[in-house]
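# Chain and residue survey
Here is how the chains run, residue by residue.
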Amino acid sequence: MGVTNFVGEAWRTGKSIATGLKITFREMMFRPAITVFYPDQRDEVPPWFRGIPVLKTDLRTGEYKCTSCMQCAQACPVNVITIEWHQDPETRKKVCDRFAIDMSRCMLCNFCVEACPFDSLVMGYDYELCKVDPENLVFEFEDLLRLGLKYSSAEEPGPKAKRSETPPWVFHGLTNATEDDIQDVRGYLGRPPLPKGYEPELKPQFQQKQAEDETAATVEPEPAAKPAAEAKPEAEAKPAAAPAAQAGSTDREEAGQP
Amino acid sequence: MERTQELLVNMGPQHPSTHGVLRLMVKLDGEQVTWCEPDIGYLHRCFEKLSEQKTYPQVIPFTDRTDYLAALLNEMCYVEAVEKLFGDAIVVPERAQYIRVMMAELQRITSHLLALGSMAMDLGAVTPFLYCWRDREKIYSLFERITGGRMLYNYLRIGGVRNDLPEGIIGTPQDGEDKADKTIWGFINYFDAYVYPQWKELVTGNRIFQYRTQKIGVLTAEQAIAYAASGAVLRGSGVKWDLRKNLPYSIYDRLEFDIPVGKNGDCFDRWWVRQEEMFQSSRIVKQCLAWLAENPGPVMAKVPRVLKPPKGEIYHRIEGARGEVACYVVSDGGTNPYKVKWRSPAFTHLQLMPLLCPGHKVADIIAILGSIDVVLGEVDR
């Protein structure tokens, strides 16, 4: 290696080191920082995010939407969905005894949601599923319903809507419903049955006939009675739920009077 | 010549530079490597046998997990193979094909970014690795918005794609860096204006990096063909062979792009080919975006609910991120594939290690391993 060659190489090496330092300095000083300090800050979850699959509830009736048709269990590539059911001798309907998803093996592939013909399953936004004991990763029916309340909405009474062209699982809107939004929970969520005549307030996003009853609401001095009055006409459409709703509204009015 | 005793050294399986759980048995004569043998199988997950018990759509999420750094390309290979098996019964809509190609090329950029970044980090340049990770995250946020998953997408379906692109994801050609993780145009502009020149300046132009990679692990064109190399390894050796050009599948015959070819077949050429391929991928994505913005339409063909391809067998190959990904599917007319055989380029390329390593120093093993870019999930399947 000649002297000129050596000098040239040294110059080129020094120049590339300087270039690297220049770029690093530019990144450090003049470029936006992208770090997200995770437990305190969180990235926004996109609407199609695939977290844990959860079960939806119909908030108007408090019934779970699952009909134990086993479509999701068949579609699952890793067989993590366990469904046990029996037939109700009176109504001849399937009653779900156990619906469990083993999240230690689930690979979040969305096939169960696509297979569901009743729009009952949805991939939730929850992604922090760490458990100390791996046995706790088996999510039972109650857990899935509880997690799924956030995506549940009050369904229109009447015949079940057909599966639309744009599938419902594509955009699962967050309604942020809680257990208090359910009209009549029949102990599915593992809490004691609600007192007779209990009539919770519907949150504004579930109130569908608000405009009609606005005049009634202004006459009524107590605002708590407003959703009860609203729930009446829909409850009449469902004969099973009608007596409870009516009883609830009368109780509330009596209680409000004195 | 007086010689000392040869020393057998284990590299891995938990060595940080082995890109997964790879064990390299290396015989050393001083600092010189005299023999090198990879030991694989730590990540074996029975993908091929498992597929025989699944229905045709159920195999798609498993193909994601073979090469988890380029999941969409694997899906594309399997899905197109099954569509070929159906013959004319399934006609994939044009828009779905454009979406597939666009996503595949974006996936190629992520895969090459990681390959380059991890190779640079193994050679001691830690900073470029962080930049590569940052830019790769931007594509992953885009993918998350399109498909719902960050790494394992399960997005392609037999007969199309699962869903159309969400509104506003394409963006406009004027989008800049501030929208790099919001719109695809934003990322592509950011990539052309910033990422690609920065890589050239920071790593490729670095004289120290060139010393570490040039004339290391030279693979001649004859050897590359004899060892069934493909992808960047083959093109780095000077063979102009790219399935997207030579045997066009999907809609690649309508797109304009060049094939970068190396000269010497050393680690630096393989690096250079990957870097230039990223730029060509961004060109392809631009053409796809221009088409997608103007042509709305269905993204899913009409397929029966239960897929039963006719009896037959098919061998389909595509240009994956690491090389030629190929899939051999045999159908016996039932709902499950009779046999799925996967040709993974990383497995084929790993056999180059005993050929390339002897004669080099220990530190050069890292450069060679990084330049042939193996993903152990794909090697073991």
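Preceding block: the structure.
Quantities reported herein were computed from a predicted structural model and do not represent experimental measurements. (Residues numbered from 1 in each chain as written. Chains lettered and ligands numbered in written order. Predicted model: local features only at pLDDT ≥ 70, side-chain atom pairs only at ≥ 80, totals over all residues. Heavy atoms only, no water.)

## Notes on the packing of helix α6 (residues 184-204) of chain B against helix α11 (residues 267-294) of chain B
Residues and elements named next belong to chain B.
- Running from N to C, α6 and α11 point in directions that differ by 165°, and their axes come no closer than 10 Å. The orientation of α6 with respect to α11, classified from their angle, is roughly antiparallel. For the pair α6 and α11, the crossing hand works out as left-handed. Residue-level inspection shows I184, W185, I188, F191, D192, Y196, W199, K200, V203 and T204 of α6 in contact with α11, the latter providing F268, W271, Q275, E276, M278, F279, S282, V285, K286 and L289. (Axes fitted to C-alpha atoms, helices over the stretch in contact; angles between N-to-C directions. Helix = DSSP H or I, 4+ residues; strand = E, 2+ residues; numbered from the N terminus. Parallel < 35°, antiparallel > 145°, perpendicular 65-115°, else oblique. Left-handed = near helix turned anticlockwise from the far one by under 90°. Contact = heavy atoms within 4.5 Å.)

## Some remarks on the sheet that holds strand β3 (residues 94-102) of chain A
Residue and element names in this part refer to chain A.
- Read from one edge to the other, the open sheet built from three strands follows the order β2-β3-β5, with strand pairing classed as antiparallel. At either end of the open sheet lies a strand with only one pairing partner, and these are β2 (81-87) and β5 (138-139).
- Sheet topology places β2 next to β3; seven bridges connect them, and they run antiparallel. Bridge pairing in β3 links W85 to C96. (Pairing = 2+ DSSP bridges.)

## A closer look at a nonpolar patch on the surface
Residues and elements named next belong to chain A.
- A cluster of nonpolar residues, F25, M28, M29 and F30, forms a patch on the protein surface that exposes about 480 Å² of accessible area.
- Structurally, F30 can be placed in helix α1 (residues 3-30).
- Note on F30: relative accessible area 62%, which makes it exposed. (Patch = residues over 30% accessible without salt bridge, like charges linked within 9 Å, V, L, I, M, F, W, Y side chains within 5 Å. Areas by Shrake-Rupley, 256 points an atom, 1.4 Å probe, with all protein chains shown as cover. Salt bridge = Lys/Arg side-chain N within 4 Å of Asp/Glu carboxyl O. Buried < 20%, exposed > 50% of the residue type's maximum accessible area, 1.4 Å probe, protein only.)

## So, the side chain of S51 of chain B
Residue and element names in this part refer to chain B.
- Structurally, the position occupied by S51 is in helix α1 (residues 47-51).
- S51 sits in the buried class, given a relative accessible area of 1%.
- Among residues more than four places away in sequence, those in contact with S51 are V59, P337 and V340.

## A word on the interface of chain B and chain A
- Taken together, the contact pairs 36 residues of chain B with 33 residues of chain A.
- For the pairing of chain B and chain A, the buried interface totals around 2800 Å² over both sides, and the portion due to carbon and sulfur atoms is 51%.
- Our count for the contact surface shared by chain B and chain A stands at four salt bridges.
- Between K22 of chain A and E201 of chain B there is a salt bridge whose closest N-O contact spans 3.3 Å.
- Of all the elements, helix α5 (residues 126-147) of chain B adds the most residues to the side of chain B that touches chain A, at eight residues. (Buried area = accessible area lost by both parts, 1.4 Å probe.)

## Some words on the nonpolar core
- The biggest cluster of nonpolar side chains holds 157 residues, and the ones touching the most others in it are F99 of chain A together with Y78, Y155, I184 and M353 of chain B.
- No other element matches the 14 residues that helix α4 (residues 94-122) of chain B contributes to this core.
- In contact with Y155 of chain B, not counting residues within four places along its chain, are L72, E75, I99, M103, I146, T147, V161, R162, N163, D164 and L165 of chain B. (Core = buried A, V, L, I, M, F, W, Y, C linked by side-chain atoms within 4.5 Å.)

## A look at the side chain of Q58 of chain B
- In this fold, Q58 of chain B is placed in the loop between α1 and α2 (60-64).
- Residue classification places Q58 of chain B among the buried positions, given a relative accessible area of 8%.
- A polar contact of 3.5 Å, which involves the side chain of Q58 of chain B, links it to the backbone oxygen of C76 of chain A.
- Aside from chain neighbours lying at most four places away, what touches Q58 of chain B is Q74, A75, C76, P77 and F111 of chain A. (Polar contact = N/O pair within 3.5 Å; in protein donor to acceptor, adjacent residues only side chain to side chain.)

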